[in-house]
Amino acid sequence: MNMKRVSEINRKTSETEISVRLNLDGTGDAKLDYPLGFMAHMLNTFARHGLFDIEITAKGDLEVDQHHLIEDTGIALGQCFAKSAGDKRGIKRNGSCLFPMDECLARAAVDFSGRPFLYFEGQLSSVPLISTKEDGTQYKFQTDLIEDFWQGFVSAAGCNLHLEIIRGRNDHHKIEALFKAAARALRISCEFDERARNEIPSTKGSLAASGT
């Protein structure tokens, strides 16, 4: 068993360049060099509520679209989760969270089964969120890309994840509640089960990302 569950992924394509370092057993510290302020806010929230230490440096072809950078960030982070969890020996494997945030209520459930699947019902309006940079320029954050982030994550992490907004009005709150719920569900699923510390939590004896 890898007692120090720390991993690092460097992902470079013609569209993006992303480095992610993850400590599953951290304190919630996030060091982010990320060009999209709203997404950086979500990643910081994710680290804090999951008690994951995360370091991310990223850049991408934002002159084309935000899609490549956000999806690839999900992939790189998911790869780190898969690498840190190893053969998943001793972990609880699944977790869930019901997270209220003001008028919004989000639900997340995750299973590190080795079989990637995403159910996403964010009830997002698809109206971009407007942010203002320090120099006064504005950019629009494409809220529909949140689903692409999580699709990239589950595909790389080898888990199935169900994310849904039960009720809510504000898109910022909906997205943030989803990230908080997902972080807490993932935190539970990655924690060690003291009653089965040396066991792989599957009757098959394997949770490899091969469909077993």
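## What about the nonpolar core?
Part 1: If you look at the biggest cluster of nonpolar residues, it comprises 61 residues, and the most contacted ones within it are Tyr 34, Met 39, Phe 46, Phe 81 and Trp 150.
Part 2: Sort the elements by how many residues they give to this core and helix H4 (residues 171-190) lands first, with ten residues.
Part 3: Every residue in contact with Phe 81, bar those within four places of it in the chain, is listed here: Leu 22, Leu 24, Phe 46, Phe 52, Phe 112, Phe 153, Ala 157, Leu 186 and Cys 190.

## Observations concerning the sheet that holds strand S3 (residues 30-33)
Picture the strands of a sheet paired through backbone hydrogen bonds; they go either parallel or antiparallel.
Part 1: Taking strand neighbours across the sheet as the criterion, the four strands line up as S1-S2-S4-S3 in an open arrangement whose pairing is mixed. Unpaired on one side and paired on the other, strand S1 (6-12) and S3 mark the two borders of the sheet. Neighbouring strand axes in the sheet, compared pairwise and without regard to direction, differ in orientation by 5 degrees on average.
Part 2: Packing of helix H1 (residues 37-50) onto the sheet brings it into contact with S3 and strand S4 (53-60), and relative to S3 it is tilted by some 165 degrees.
Part 3: Its contacts with the sheet place helix H2 (residues 67-85) against S1, strand S2 (16-23) and S4, and it is angled at close to 150 degrees to S1.

## A word on the packing of aromatic side chains
Part 1: Tallied over the entire structure, the rule returns ten aromatic pairs.
Part 2: Consider the rings of Phe 81 and Phe 153, whose centres lie 5.2 Å apart with planes at 75 degrees: the pair is edge-to-face. Here Phe 153 lies in helix H3 (residues 145-157) and Phe 81 lies in helix H2, a separation of 72 residues in the sequence. The same class applies to Phe 81 and to Phe 153, which are both buried.

The rules behind these values
- Residues numbered from 1 in each chain as written.
- Predicted model: local features only at pLDDT ≥ 70, side-chain atom pairs only at ≥ 80, totals over all residues.
- Heavy atoms only, no water.
- Core = buried A, V, L, I, M, F, W, Y, C linked by side-chain atoms within 4.5 Å.
- Buried < 20%, exposed > 50% of the residue type's maximum accessible area, 1.4 Å probe, protein only.
- Helix = DSSP H or I, 4+ residues; strand = E, 2+ residues; numbered from the N terminus.
- Contact = heavy atoms within 4.5 Å.
- Pairing = 2+ DSSP bridges.
- Axes fitted to C-alpha atoms, helices over the stretch in contact; angles between N-to-C directions.
- Phe/Tyr/Trp six-rings, centres within 6.5 Å; stacked < 30°, edge-to-face > 60°.

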